[in-house]
Amino acid sequence: EDVIRFMKKIRIKENPDGGIVETSDSYQNTMWCCLNSFLGYLAKEGIIPRNYMLDIKKGKNHDLERINEHRVLLTSKDFKQILKALDVVSQNNIGRTNTYNRDKLIILLLMTTGMRETALVEINVEDIHLDTQSLYVIDKGKLPHKYFLGQDVCLLIEEYLNDRREILFDKAEITDALFVSS
């Protein structure tokens with residue numbers, strides 16, 4: 001009864017201005033998961049007879065449904081326009097530090113592999129295997145993933161690695177990170 005009462009209570013919260021608003025589905029589901037984990041532990045240790053969260057259905061995440069309503073898939077034409085826009089930006093930045101190869105490689109890796117941004121920024125040089133045209137990354141949940149790269153991406157990696165060597169040499173820096181910035 002206490003758990004049910006608590007789950008009902010977290011459905012609304014008070015605003016700083018004193019008004020009451022409904023909490024998000026993801027917040028409610030996070031609370032459910034925390035309680036489920038904690039009560040599961042207590043039941044496993046014999047402190048309570050069973051996990052009472054098993055009697056309470058986890059809510060459907062309507063927040064994700066609302067996000068997905070607005071999600072649009074990109075076409076190959078869209079990808080070409082993105083790369084063309086990068087070319088235009090690069091041409092307009094004459095006189096600035098050239099990061100064209102780095103930026104294009106970042107976009108191409110995200111577009112061709114579908115990897116997460118967090119995995120992309122964790123790539124080290126030794127994760128790239130140009131001989132087999134592959135890339136190994138550790139993604140969410142510390143799961144290893146192997147991506148196969150096209151020849152155009154591998155050529156761009158080679159160009160960027162040359163740029164990277166110059167950048168690091170000029171700054172007298174040593175790092176394993178693939179992507180470097182100022």
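A brief look at the structure comes next. (Residues numbered from 1 in each chain as written. Predicted model: local features only at pLDDT ≥ 70, side-chain atom pairs only at ≥ 80, totals over all residues. Heavy atoms only, no water.)

## Some details on the overall build of the chain
The helix and strand inventory of the chain stands at seven helices and five strands. Seen in sequence order, the chain has helices and strands lined up from the N terminus as α-β-β-α-α-α-α-α-β-β-β-α. Here the chain, with 182 residues, has 26% of them falling under the buried criterion. Summarising the internal contacts of the chain: among those between residues at least 6 apart in sequence, 43% fall at separations of at least 24. With an accessible surface of roughly 13,500 Å², the chain has 54% of that area assigned to carbon and sulfur atoms. (Helix = DSSP H or I, 4+ residues; strand = E, 2+ residues; numbered from the N terminus. Buried < 20%, exposed > 50% of the residue type's maximum accessible area, 1.4 Å probe, protein only. Contact = heavy atoms within 4.5 Å. Areas by Shrake-Rupley, 256 points an atom, 1.4 Å probe, with all protein chains shown as cover.)

## Some thoughts on the pattern of salt bridges
Counting across every chain of the model gives four salt bridges. Of the charged contacts, one joins Asp-103 and Arg-102 as a salt bridge, the two residues approaching to 3.0 Å between their closest N and O atoms. Relative accessible area serves as the criterion here: at 18%, Arg-102 is assigned to the buried category. Notably, a salt bridge pairs Arg-116 with Asp-139, separated by 3.5 Å at the nearest N-O pair. In this pair, Arg-116 sits in the loop between helix 5 (100–113) and helix 6 (117–121) while Asp-139 sits in strand 4 (residues 134–139), placing the two residues 23 residues apart along the sequence. By relative accessible area, Asp-139 is classed as buried at 12%. (Salt bridge = Lys/Arg side-chain N within 4 Å of Asp/Glu carboxyl O.)

## Things to note about the pairing of strand 5 (residues 143–148)
Summarising the sheet, strand 4 and strand 5 pair through six bridges and their orientation is antiparallel. Residue Val-137 lies in a different strand from strand 5, and its bridge partner there is His-145. Hairpin connection between strand 4 and strand 5: a loop of three residues separates the two successive antiparallel strands, and Gly-141 in this loop has a positive phi of roughly 75 degrees. (Pairing = 2+ DSSP bridges.)

## Here's the deal with the sheet that holds strand 3 (residues 128–129)
With antiparallel pairing, the three strands of this open sheet are ordered in space as 3-4-5. Of all the strands in the sheet, the pair left with one neighbour each is strand 3 and strand 5.

## Examining the environment of Thr-118
Tracing the backbone shows Thr-118 in helix 6. Along the sequence, Thr-118 and Ile-138 sit 20 residues apart, while their C-alpha atoms lie 9.3 Å from each other.

## Quick notes on helix 7 (residues 151–171)
Across its 21 residues, helix 7 extends 30 Å between first and last C-alpha, which sits within 8% of the 30 Å expected from 1.5 Å per residue. Contact partners of the buried residues in helix 7: helix 5 and strand 3. Positive phi appears at Ala-172, one or two residues downstream of helix 7, with a value of about 55 degrees. (Expected span 1.5 Å × (residues − 1).)

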